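Structural features, examined
This is what each chain is made of:
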Amino acid sequence: MPDDTGVSLAPVVSWPRTAEVGKPYLVTVDVRHESTCEAWPYDAEEYEIGCVLDGRPGLSVRSVGETTLVVHRFGGTYQPARFVAEALGAPSVDAPCELRLTLLTAGGLPFRTDALPVQVVPPIDDTADDRIKVPDHRGPRSLPRLDPAAPARGRGRRWYRRTVQVIGVSSRRADQAYWGCLIAPDLVLTTSTAVRGSRGVQVVSRVDKAEGPGRVVWDGADSVGDVALVRAPGIASDVAPVRWGRRISRSGPIGCRIMAMQDSWAQMLDAEIRDQPQPADGYWQACATNWPWPLHVTRDDRWKGMGGVPLFCGELLTGVVVGTRMRPPHRVFLDVLPAQWLCQDADFLAALTESGAAAAPLAEPLELPGTAGPPQRPAGEPDSWEEPPDHVLLAALDALEPWWTAEGTAARLLHGPGRTGKTRIAAEVARRLRADGYAAVWLDAAAPPARLRHLAEATVPILVVLDDVEARGTHWRAMLDRLGEASGGRDVKVLALGRHPDPDLDGYPGVDAANVGLVGVVGR
């Protein structure tokens, strides 16, 4: 489909080359870009392509869900069109079986037709139940009921438990049910829409079979956006504080998960946080990639039970759903208030402290696996770091301050004997840089080195702490290489901790890198 002024696309089709009589087969149709264009050449951000699949002869075809592909300006489609093909009988020699795919414009005009040959063979075992399981899109009846007595295991169970129902009680309108996320013991993050104008708030945890009144302790509608904090004593007093996440780059969509709710039905859904542009109000936009319910949505039903639902990337709370824009029958776009906005709002942080939260949230980069602070040792083992004397801490900070206050990218290796306070010094550097707007992360030992490419694509200042550098040479060298690529971009600082200096560090090509000896600093 080449065009001198448009986007060149090619169909990508998965279909059975051999089909047994009486057995169904899944057929998927998608399109991909044959070449990259410098700019999207159309006024609309999306372009629809209809898919029609026929079987000839002796092949029956039925569609599964939406058969329209939506090509977007970011380089792909939201999901493929799906069909089920089934051979009804052996074909004649003169008329072999084939599937015929026709692509249509948004106005219904065909512009491409392809023949997909299929060899039909007799059934191998008519009694075997090995048919392809085609997803059922008939509605909530195909979903598991949320059973509080048998919640999902592992990570899924934690998400189920964190998601609670928030009901605003009002005398002017019928009580409306929204959702919220338990971010700390008895503290629920929800939408301002759920509680504003209500005489009271009721919070329901289906997993814990708990229900009780809540009190609004902070409303961000006039500052941050459509989000509020509710305290509900006794609803979940033993829940662990949630970990928070933030974006540090614009390197493409980020995969995440949401808990979709309708009445008593629940299902974990995959979604993608889309890249730029953002909506006019600044909210992030996410696309739910496997939405299970048919959407026949009117203007009065815009929430569809999704207001306040938390969005997670791995273990990190990344945002709260504040609105939905639905495209029948199965495409859903979510407006998401970023969790990182809350971590930077002084009034929200003050409300957390007054409500008994153990500590202020520290947002961790979504793109780099790690923790917001020094990793904790397992129970029973000694702490991973010791408190250095004040004169050691101050001397080390004085030596490192020119490095972290200078603009640009740079790396330092702080070395010295074990258990002399290097990790505590790094934690203090991270605290000071966070106050200046930096993101900070202790890089996970299992982080794939390829993920470090985000350092070169960072859109916010970032500090990466690499502990035990002698055992993590691959990470250390990869970070130095990425720092060279990031030169001229956002400030990226790397602080490595080890027992010995790196003899190859001074003069590393293209990077401001140096050894800083803890013993030498204190001895000045």
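The structure we're discussing is the one just above.
A few points on the structure. Quick caveat, the model's predicted, so the values are computed rather than measured.

What about the environment of A360?
Here A360 is to be found in the loop between α4 (346–354) and β25 (363–365). Here the alpha-carbon distance between A360 and F348, two residues 12 residues apart in the chain, equals 9.7 Å.

A closer look at the nonpolar core
Core analysis: the largest hydrophobic core is formed by 28 residues, its most contacted members being L368, I462, V464 and W476. Elements with a contribution of two residues or more to this core: β27 (410–415), β28 (439–443), β29 (462–466), α8 (473–486) and β30 (492–498). Filtering out sequence-adjacent residues up to four positions away, V464 remains in contact with L368, V441, L443, L455, M479, K493, V494 and L495.

Description of the environment of R206
Looking at where R206 falls in the secondary structure, it is placed in the loop between β15 (200–205) and β16 (210–219). The class of R206 is partly exposed, set by a relative accessible area of 21%. Residues R206 and V164 lie 42 residues apart in sequence; the distance between their C-alpha atoms is 7.0 Å.

A closer look at the packing of aromatic side chains
A complete count under the given rule lists 3 aromatic pairs for this structure. With centroids separated by 6.0 Å and ring planes inclined at 70°, the aromatic side chains of W244 and F348 adopt a geometry described as edge-to-face. Within this pair, whereas W244 is found in strand β18 (residues 243–246), its partner F348 is found in helix α4, the two being separated by 104 residues in sequence. One residue, R17, lies across the ring of W15, its end atom 3.5 Å from the ring centre.

Structural notes on the sheet that holds β29
Paired through their backbone hydrogen bonds, the strands of a sheet run either parallel or antiparallel. Strands sit in the order β26-β28-β29-β30-β27-β31 across an open sheet of 6 strands; the sheet is mixed. Looking at which strands have only one partner, the edges of the open sheet turn out to be β26 (370–371) and β31 (513–517). Of the pairings in the sheet, the one linking β27 to β30 comprises 6 bridges and is parallel in character. What sits directly across from L414, in β30, is L497. Helix α6 (residues 422–435) contacts β27, β28, β29 and β30 of the sheet and is inclined by roughly 155° relative to β28.

Examining the pattern of salt bridges
Scanning the model with the defined rule gives 11 salt bridges in all. For R196, the salt bridge identified is with D219, shortest N-O distance 3.2 Å. Here R196 is found in the loop between α2 (192–195) and β15, whereas its partner D219 is found in strand β16, with 23 residues between them in sequence. A salt bridge links E364 to R243, with the shortest nitrogen-to-oxygen separation between them at 2.7 Å. A residue pair is termed long-range when its members are at least 10 positions apart, and E364 in strand β25 and R243 in strand β18 qualify at 121 residues. Judged by its relative accessible area of 5%, E364 is buried. Several salt bridges share partner residues, and in doing so they unite R424, E428, R431 and R432 into one network.

Thresholds, definitions, all that
- Here, residues in each chain are numbered from 1, in the same order as that chain's written sequence.
- At least 70 in pLDDT is required for a residue's local features to be given in this predicted model, at least 80 for side-chain atom pairs to be given and counted, and no such filter applies to totals for whole chains, interfaces and linings, which use all residues.
- Side-chain measures were taken over the full set of non-hydrogen atoms in the model, leaving aside hydrogen atoms and water.
- Under the scheme used here, helices are H or I runs from DSSP no shorter than 4 residues and strands are E runs no shorter than 2 residues, and both carry numbers assigned from the N terminus.
- Buried Ala, Val, Leu, Ile, Met, Phe, Trp, Tyr and Cys residues form a nonpolar core when they are joined through side-chain atoms within 4.5 Å.
- Classification of residues uses two cut-offs on accessible area relative to the type maximum, computed with a 1.4 Å probe and protein chains only: under 20% is buried, over 50% is exposed, and between them is partly exposed.
- Two residues form a contact once any of their heavy atoms are found within 4.5 Å.
- Note on aromatic contacts: the rings of Phe and Tyr and the six-membered ring of Trp form a pair at centre separations within 6.5 Å, being stacked when their planes are under 30 degrees apart, edge-to-face when over 60 apart, and tilted otherwise.
- Placement of a positive charge over a ring is assigned whenever Lys NZ or Arg CZ falls within 6 Å of the ring centre and within 35 degrees of the normal to the ring plane.
- One bridge is not enough; two strands pair if DSSP finds at least two bridges between them.
- Angles shown run from 0 to 180 degrees and are taken between the N-to-C directions of axes, each axis being a line fitted to C-alpha atoms and, for helices, limited to the stretch in contact.
- Salt bridge criterion: a side-chain nitrogen from Lys or Arg within 4 Å of a carboxyl oxygen from Asp or Glu.

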